[in-house]
Amino acid sequence: MTGLIDALILGLAFAPASASVYNVPAQSSKQCQEKTPNPLEGCPPQTLYVSQSDERADFKTIQGAIASIPNDTTLYTILIAPGIYIEQLNVTRQGPLTLLGMPDYVWKGNRYADVKCNTTRSNGVQVYWNSANHDGSFTDNVYTGVLTVGPTLNATLTGSGPTGFPVPDETPFGCTDFRAYNIDFRNDFKPYTSGPAHALGVSRANAGFYSCGFYSYQDTVYIGKLGNTYFYDTIVAGETDFLYGFGTLYVEKSTLLLRNCGGGITAWKGTNTTFPNKYGVYISNSQVLASNSSIATVIKDMCSLGRPWNPLHRSVFMDTYFDPSVLPAGYTEWSGATDGNYDLNTTLAVYSVYGPGYDAVAERGSNITTVFNQREASLYRSPVDVFTAPNGEQTNISWIDPLALLNYG
């Protein structure tokens, strides 16, 4: 049976999207998400209900529901009623877990990330934790996070230096299939960069996010060692290095909102392994926009696509729209680092990008940004190309919602 499922998923990954499903949100759980007199109508077995006001709820907090679930292989679902939840979420279980918001737009087929400059978008479920590692106030950035998915505390630590925190080899893999739908995770410690402030951290786990939002200023999204993360129809807002880490992140049909410019959009630390790896960040069929018209005039031609956190950095923007905020040269070196953390092993690339912020001549002339041809880009064109198991084996995409894969491209 597993072979059949894997074959189906592979087929979906390469199947052409039909007009009826293209560019729509992933609606795999919409029967459970619909607002009905019985909140759990249409939900799978082992669904817990969280609400701050409904007396029928199993829990009033999301973390209370997460903590109640045994660390086994049973699939659990947590249905969350609309509201503002001020709490830190930590997922350490190895078995599959799905968090569901209850939006109205999912039934209408509207995409969450289909926004323009000055467009505001929010989900009914908002999870806030406002915290930043300002002037070293914490021993590690992970303590600032709104949501952290990883098997142990040590597994999720960012650490420092070219290789980060030395996670013990015997550390187990965490959640094999974590999913979240229609939830916003917000870390608004200050309305500007004031130190690392995670909205999300994923390490040694597989995690997919669908029609979600991640909002912060610096280091919004951290993908740690052996972390595999997939964003579909998602908004990520930030200012400084707001996609960073060691693992693998694939961003599809999403929006990157520039709240200002600092450092770069991406900052990755590659890792040497005994097998070929594709650790890095890949942005596909998405858009890069100033968050509002006021900041757009300030940051025109200023925002770097990224800077190498170490010389093994790998990031690729593909089939993505750049508004005028993007730096004409594309990427930049890491200022102050030896050789700018840039050498023959560094991948700072674009492919088939477009829009007023794309300047092919400036990028090619930068000696930093690589403009891929079709053959070079083919190595990273879909999730099946980049995600691997911890031992380096491909194809590791069974944890991605098949309906999102059907909408690929």
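This text follows the structure it describes.
Residues numbered from 1 in each chain as written. Predicted model: local features only at pLDDT ≥ 70, side-chain atom pairs only at ≥ 80, totals over all residues. Heavy atoms only, no water.

Colleague: Help me understand the overall build of the protein chain, please; the structure alone is not making it clear to me.
Modeller: Across its full length, the protein chain carries ten helices and 25 strands. Rg of the C-alpha trace for the protein chain: 20 Å, near the compact-globule value of 22 Å for 409 residues, within the 12% margin. A burial count over the protein chain gives 58% of its 409 residues as buried. Here the analysis covers contacts within the protein chain between residues at least 6 apart in sequence; of these, 66% occur between residues at least 24 apart. (Helix = DSSP H or I, 4+ residues; strand = E, 2+ residues; numbered from the N terminus. Rg over C-alpha atoms; globule rule 2.2 N^0.38 Å. Buried < 20%, exposed > 50% of the residue type's maximum accessible area, 1.4 Å probe, protein only. Contact = heavy atoms within 4.5 Å.)

Colleague: Mind showing me how you'd approach the pattern of salt bridges here?
Modeller: Opposite charge on two side chains makes pairing possible when the charged atoms of those side chains draw close. Enumeration according to the criterion identifies ten salt bridges in this entry. In this structure, Asp 184 engages Arg 186 in a salt bridge whose closest nitrogen and oxygen atoms are separated by 3.6 Å. Per residue, the accessibility class of Asp 184 equals that of Arg 186, and both read buried. (Salt bridge = Lys/Arg side-chain N within 4 Å of Asp/Glu carboxyl O.)

Colleague: Where do I start with the state of the cysteines in this structure?
Modeller: Here a disulfide denotes one covalent bond, and it connects the sulfur atoms of two cysteines. Counted according to the given criterion, the structure contains two disulfides. Put simply, Cys 32 and Cys 43 are joined by a disulfide, and their sulfur atoms are 2.0 Å apart. Its S-S torsion of about 85 degrees marks the bond between Cys 32 and Cys 43 as right-handed, since a negative value means left-handed. Linking Cys 32 in helix H2 (residues 30-33) with Cys 43 in the loop between H2 and strand S1 (47-50), this pair joins segments that are eleven residues apart in sequence. In terms of burial, Cys 32 and Cys 43 fall into one category: buried. A sulfur-sulfur separation of 1.6 Å characterises the disulfide bridge that pairs Cys 261 with Cys 303. Between Cys 261 and Cys 303 the disulfide shows an S-S torsion of about -55 degrees. By sign, it is left-handed. (Disulfide = S-S within 2.5 Å.)

Colleague: Looking at this model, I keep getting lost on unusual backbone geometry. Mind explaining?
Modeller: The phi angle of most residues is negative, glycine excepted, and most peptide bonds adopt the trans form. At Asn 118, a residue that is not glycine, the phi angle is positive and equals roughly 80 degrees. Along the chain, the position of Asn 118 falls in the loop between helix H4 (105-108) and strand S6 (125-128). The class of Asn 118 is partly exposed, set by a relative accessible area of 46%. Positive phi is not limited to glycine here, since Asp 241 has a value of about 45 degrees. Note that Asp 241 resides in the loop between strand S15 (235-240) and strand S16 (243-245). Among the residues examined, Asp 241 registers a relative accessible area of 5% and is labelled buried.

Colleague: What is the right way to look at the sheet that holds strand S17 (residues 248-252) in this model?
Modeller: The pairing of strands in a sheet happens through backbone hydrogen bonds and is either parallel or antiparallel. Here eleven strands make up an open sheet; going across it, the order is S1-S2-S5-S8-S11-S14-S17-S20-S22-S24-S25 and the pairing parallel. Where the open sheet ends on each side, the last strands, each with one partner, are S1 and strand S25 (370-371). Pairing analysis gives four bridges linking strand S2 (residues 76-80) to strand S5 (residues 97-100), with the strands arranged parallel. Within S5, the position partnered with Leu 79 by the bridge is Leu 100. (Pairing = 2+ DSSP bridges.)

Colleague: Whenever I open this one, the environment of Val 386 confuses me. Can you help?
Modeller: Its place among the elements puts Val 386 in helix H9 (residues 383-386). Spatially, the C-alpha atoms of Val 386 and Thr 248 are 7.5 Å apart, while their sequence positions differ by 138 residues. Apart from the residues lying within four places of it in its own chain, the contact partners of Val 386 are Thr 248, Tyr 250, Lys 278, Tyr 282, Leu 379, Tyr 380 and Gln 394.

Colleague: Honestly, the sheet that holds S6 in this entry has me stumped. Any pointers?
Modeller: Strand order across the open sheet formed by eight strands is S3-S6-S9-S12-S15-S18-S21-S23, with parallel pairing between neighbours. Looking at which strands have only one partner, the edges of the open sheet turn out to be strand S3 (83-86) and strand S23 (321-322). As paired strands, strand S9 (residues 183-186) and strand S12 (residues 213-215) are joined by three bridges and run parallel to one another. Opposite Arg 186, over in S12, you have Tyr 215 as the bridge partner.

Colleague: What exactly am I supposed to notice about the pairing of strand S8 (residues 178-181) here?
Modeller: The side chains of a regular strand alternate between the sheet's two faces. Neither face of S8 is left uncovered, since the one carrying Phe 178 and Ala 180 and the one carrying Arg 179 and Tyr 181 both have all their residues buried. Judged from the four bridges that link them, S5 and S8 form a sheet pairing that is parallel. Counted as the bridge partner of Thr 98 is Arg 179 from S8. Pairing of S8 with strand S11 (residues 206-210) involves four bridges; the strand directions are parallel. The residue of S11 that forms the bridge with Ala 180 is Phe 209.

Colleague: For this particular structure, what's the right way to read a nonpolar patch on the surface?
Modeller: A cluster of nonpolar side chains, namely Ile 84, Ile 86 and Trp 129, defines an oily patch on the protein surface of about 320 Å² accessible area. Inspection of the secondary structure assignment puts Ile 86 in strand S3. By relative accessible area, which is 65% here, Ile 86 ends up exposed. (Patch = residues over 30% accessible without salt bridge, like charges linked within 9 Å, V, L, I, M, F, W, Y side chains within 5 Å. Areas by Shrake-Rupley, 256 points an atom, 1.4 Å probe, with all protein chains shown as cover.)

Colleague: Mind showing me how you'd approach the packing of aromatic side chains here?
Modeller: Each aromatic ring pair is described using two quantities: the centre-to-centre distance and the angle formed by the ring planes. Using the criterion set out here, one finds 21 aromatic pairs in the structure. Plain terms: the ring middles of Phe 214 and Phe 231 are 5.0 Å apart, the flat faces sit at 15 degrees to each other, and that makes the pair stacked. Here Phe 214, found in strand S12, pairs with Phe 231, found in strand S14 (residues 228-232); they are 17 residues apart in sequence, far enough to count as distant. Both residues of the pair, Phe 214 and Phe 231, belong to the buried class. Within the aromatic cluster, the residues linked to one another by ring pairs are Tyr 181, Tyr 210, Tyr 230, Tyr 250, Tyr 282, Phe 372 and Tyr 380. Over the ring of Tyr 215 we find Arg 186; its NZ or CZ atom is 3.9 Å from the centre of that ring. (Phe/Tyr/Trp six-rings, centres within 6.5 Å; stacked < 30°, edge-to-face > 60°. Lys NZ or Arg CZ within 6 Å of the ring centre and 35° of its normal.)

Geometric descriptors of this kind do not, in isolation, establish any biological role.
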